[in-house]
Amino acid sequence: MHKDVKEILYTQEEIAAKCKELSKLIMNDYHDKEVILIGLLKGSVPFLAELSKHVSLDVTFDYMDVSSYEGVESRTITIKKDVDQDVKGKHILLVEDILDTGKTLSTVMAMFLERGAASVEIVTMLDKKEGRTYPIEAKYVGFEIPNAFVIGFGLDFNEKYRNLPYVGILKEECYK
Ligand code: IMP
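Note that the structure is predicted; figures quoted are calculated from it, not measured.

## Structural notes on the overall build of the protein chain
- A tally of regular secondary structure across the protein chain gives three helices and nine strands.
- Once the C-alpha set of the protein chain is aligned to its principal axes, its extents read approximately 45 × 45 × 25 Å.
- Here the protein chain holds 176 residues, and 49% of them are scored as buried.
- At a minimum sequence separation of 6, the contacts of the protein chain that also span at least 24 residues come to 66%.

Laid out in C-alpha cells, this is it:
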C-alpha cells in the first residue's frame, strides 16, 4: 500500500467485479441503441477502460475535458477539450470517476441535451451523495462512499496517485 494511503476502500478485484455488474445493467438498457461512452478527463480513464471491456455492444468512445466554476450569477464551464463527434440523436453515457457536488456533470449533461442528444445518463465509479449540491443522480453507481478524500484508480490529489490500482482514502496530513 502507498505510504500516503490511510485505508484501501476498494481493491482492483472489487472494482473489476463491480464493472462487470454495471456492464450487465448497461447492456440490458442499451442493447438496441447506439451509445457513445464519453469519459471525463482525466480521472475516468481507468474506470472507462475496465468497464468497457465488459460491455459487449457496438459502442464508441469519446473524451471531454472541462473545468467548472461558479460565477456571481451563473455557473460556467470551460471546455478544454470537446468531443470529436456530433451527438445529435445519439445516446450518451457520461463516464465519471466520482460524483460529488454534481456541478460538473449537471452542466455537461445540459450541454449535450442542448446539442440534441437523444438521452444523457451517467455512470460513475464512486458516488459521494453527501456532497451533492446540484439536483443530479447517476443512473449507474459503482460504490457509494462517505465524504472522505479518495485517490487511486484515476482519482488524483494534485495530479498524483491516479495510477494506484485501488481506491483509497488519502491521509489527512497529505493535504492539511
Ligand atoms: P463535482 O462537480 O463536485 O461533482 O466534482 C467531481 C470532480 O471532483 C471529480 O471528477 C474529481 O475530479 C473531483 N473530486 C471530488 N471528490 C474527489 C475526491 O475525493 N478525490 C479526488 N477527486 C475528487
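So that's the structure; there's more coming.
## Focus: the nonpolar core
- In this structure, Val123 and Leu126 are the most contacted members of the largest nonpolar core, which totals 27 residues.
- Of all elements in the fold, only helix H1 (12-30), strand E2 (35-40), helix H2 (45-53), strand E5 (91-99), strand E6 (119-127), strand E7 (140-144) and strand E9 (167-170) reach the threshold of two or more residues within this core.
- The element that contributes the greatest number of residues to this core is H1, accounting for five residues.
- Those residues in contact with valine 123 that sit more than four places away from it in its chain are Leu22, Ile26, Phe47, Leu51, Leu93, Leu94, Val95, Glu96 and Tyr140.
- Judged by nonpolar contacts, the second largest core, of 22 residues, contains Val83, Val87, Met111 and Val120.

## A short note on the sheet that holds strand E8 (residues 150-151)
- The strand order across the open sheet formed by three strands is E1-E9-E8, and the pairing between neighbours is antiparallel. Since the sheet does not close on itself, it has two edges, and those belong to strand E1 (5-10) and E8, each with one partner.
- Relative to E9, E8 is paired through two bridges, and the arrangement is antiparallel. Looking across to E9, one finds that isoleucine 151 is bridged to glycine 168.

## What to know about the environment of serine 44
- As for its position among the elements, serine 44 is in the loop between E2 and H2.
- Along the primary structure serine 44 and glycine 154 are separated by 110 residues, whereas in three dimensions their C-alpha atoms are 6.0 Å apart.
- Setting aside its immediate chain neighbours within four residues, serine 44 contacts Gly39, Val95, Glu96 and Asp97.

About the criteria used
Residues numbered from 1 in each chain as written. Predicted model: local features only at pLDDT ≥ 70, side-chain atom pairs only at ≥ 80, totals over all residues. Heavy atoms only, no water. Helix = DSSP H or I, 4+ residues; strand = E, 2+ residues; numbered from the N terminus. Buried < 20%, exposed > 50% of the residue type's maximum accessible area, 1.4 Å probe, protein only. Contact = heavy atoms within 4.5 Å. Core = buried A, V, L, I, M, F, W, Y, C linked by side-chain atoms within 4.5 Å. Pairing = 2+ DSSP bridges.

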